[in-house]
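# Observations on the model geometry
Residues per chain are reported as follows:
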Amino acid sequence: AWLVYPCDPEADSFLVKVLRSDLEFELEGKEGGEMVLTEKTRRDFRNLLESNTAMAFDPSTGLPMDDLLIERYGVRSQLMYAIRPSLGVPWCLGLHQCRDARVWTDQEIRLFTEAGRRLSDGLNVSLILDELTESEERFRTFSEQTMLGLCVLQEDRVIFVNQAAADILEASVEELVALPPGGFDRFLHPDDSDSVMDQARRKQAGESGTIQAYMWRAVTATGRVKWVEIHSRTTKVNGALADLISLVDITSLKRAEEDLEAIIDERTSDLALK
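Below is a short write-up of the structure. Predicted, not measured: the structure shown is a model, and the values here were computed from it.

Turning to the pattern of salt bridges, a few remarks are in order. As enumerated under the stated definition, the model contains twelve salt bridges in all. Its salt-bridge partner being Glu-108, residue Arg-102 comes within 2.4 Å of it at the nearest N-O pair. Overall, the relative accessible area of 12% leaves Glu-108 in the buried class. Each of Glu-170, Arg-224, Lys-226 and Asp-249 takes part in one network of salt bridges that share partners.

Printed below as a string of structure tokens:
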């Protein structure tokens, strides 16, 4: 699995920003490296930028892969998806299959597309926070326009929350800002409450070794349980440490994962019976 930047067919090269692989197919030293754009990759980038879903390169689609991937890295099939953050040019998310010429199912393509969209949300947060934390006015303008839930905790109180975050929790902005210290706990699932609150307090204290991105279950004001992905980090507000948080509702993604797992389990059971 890899993430490269930029997904720009007019560029001369791209950077491999993130790379993860099985030890059997490890590409040592490639993460952080620069690769020259071939004409084939340029065409793929153009097609990706015209598509809203992931592209599958496998025997069923007949889409050819770059010869370099096949000959040097032993790639047999792949998925690619263009990630479009709000700042800068697009990125590209990819998945290689090297063990065999895998034919990607419709469910896998949809799941990869949805995962790419969620990654785009997280990438947005990382890029935008770097740009906006220097300017409160710009931050507030962005927070009113984005679909990402944004929240700031300071001294265990919600000192800022946007409408998107309130919508995720099915509460009002006024209700969330009026919570007492530690009152945010009422929106956390009992099984996740301790870990989420611990991370929030450690970030408000500026401690190192915290987890910036993870998933937890929210219990909304109406009692519904939602899966939420959180991206957060320590920042400063009015000269004091605070926890700057972004929230994304990933309930639909979790359901898609469960559906895919159920399909895999069913097919595995059928093969075992045969």
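Now that the structure is up, let's keep going.
All right, on to helix α7 (residues 193-204) then. Compared with an ideal rise of 1.5 Å per residue, which puts twelve residues at 16 Å, α7 spans 16 Å between its outermost C-alpha atoms and is within 8% of the ideal. Among the residues making up α7, those that are buried are Ser-193, Val-196, Met-197, Gln-199, Ala-200, Lys-203 and Gln-204. Buried residues along α7 cover an arc of 155 degrees about the axis, so they all sit on one side. Turning to α7, the residues buried within the fold contact β7 (149-154), β9 (213-219), β10 (225-237) and β11 (240-249).

Once that is clear, we can look at the sheet that holds strand β1 (residues 2-5). Judged by pairing direction, the sheet is antiparallel, and its six strands sit side by side in the order β3-β2-β1-β6-β5-β4 without closing on themselves. Edge strands, defined here as strands with exactly one partner in the open sheet, are β3 (34-36) and β4 (55-57). Each strand axis lies, on average, 30 degrees off the axis of its neighbour in the sheet, ignoring direction. Relative to strand β2 (residues 13-19), β1 is paired through four bridges, and the arrangement is antiparallel. Bridged to Leu-3 within β2 is Val-18.

Bringing the pairing of β9 into the picture now. Only one face of β9 is covered, namely the face carrying Tyr-214, Trp-216 and Ala-218; the face carrying Ala-213, Met-215, Arg-217 and Val-219 is uncovered. Sheet topology note: the β9/β10 ladder contains seven bridges and is antiparallel. The residue of β10 that forms the bridge with Met-215 is Glu-229. Hairpin geometry of β9 and β10 is characterised by an intervening segment of five residues between the two adjacent antiparallel strands and by a positive phi of about 95 degrees at Gly-223.

Following Tyr-5, the chain continues to Pro-6 via a peptide bond in cis, the omega torsion being 0 degrees. In this fold, Pro-6 is placed in the loop between β1 and β2. The phi angle at Glu-170 is positive, at roughly 55 degrees, despite the residue not being glycine. Here Glu-170 is to be found in the loop between α5 (163-169) and α6 (173-177).

One can find Val-4 in strand β1. For Val-4, a relative accessible area of 3% puts it in the buried group. When the C-alpha atoms of Val-4 and Trp-91 are compared, they prove to be 5.9 Å apart, with 87 residues separating the residues in sequence. Ignoring sequence-local partners within four residues, the contact set of Val-4 consists of Phe-14, Leu-15, Val-16, Lys-17, Phe-45, Trp-91 and Cys-92.

Criteria and cut-off values
- Residues numbered from 1 in each chain as written.
- Predicted model: local features only at pLDDT ≥ 70, side-chain atom pairs only at ≥ 80, totals over all residues.
- Heavy atoms only, no water.
- Salt bridge = Lys/Arg side-chain N within 4 Å of Asp/Glu carboxyl O.
- Buried < 20%, exposed > 50% of the residue type's maximum accessible area, 1.4 Å probe, protein only.
- Helix = DSSP H or I, 4+ residues; strand = E, 2+ residues; numbered from the N terminus.
- Expected span 1.5 Å × (residues − 1).
- Arc of directions from axis to C-beta.
- Contact = heavy atoms within 4.5 Å.
- Pairing = 2+ DSSP bridges.
- Axes fitted to C-alpha atoms, helices over the stretch in contact; angles between N-to-C directions.

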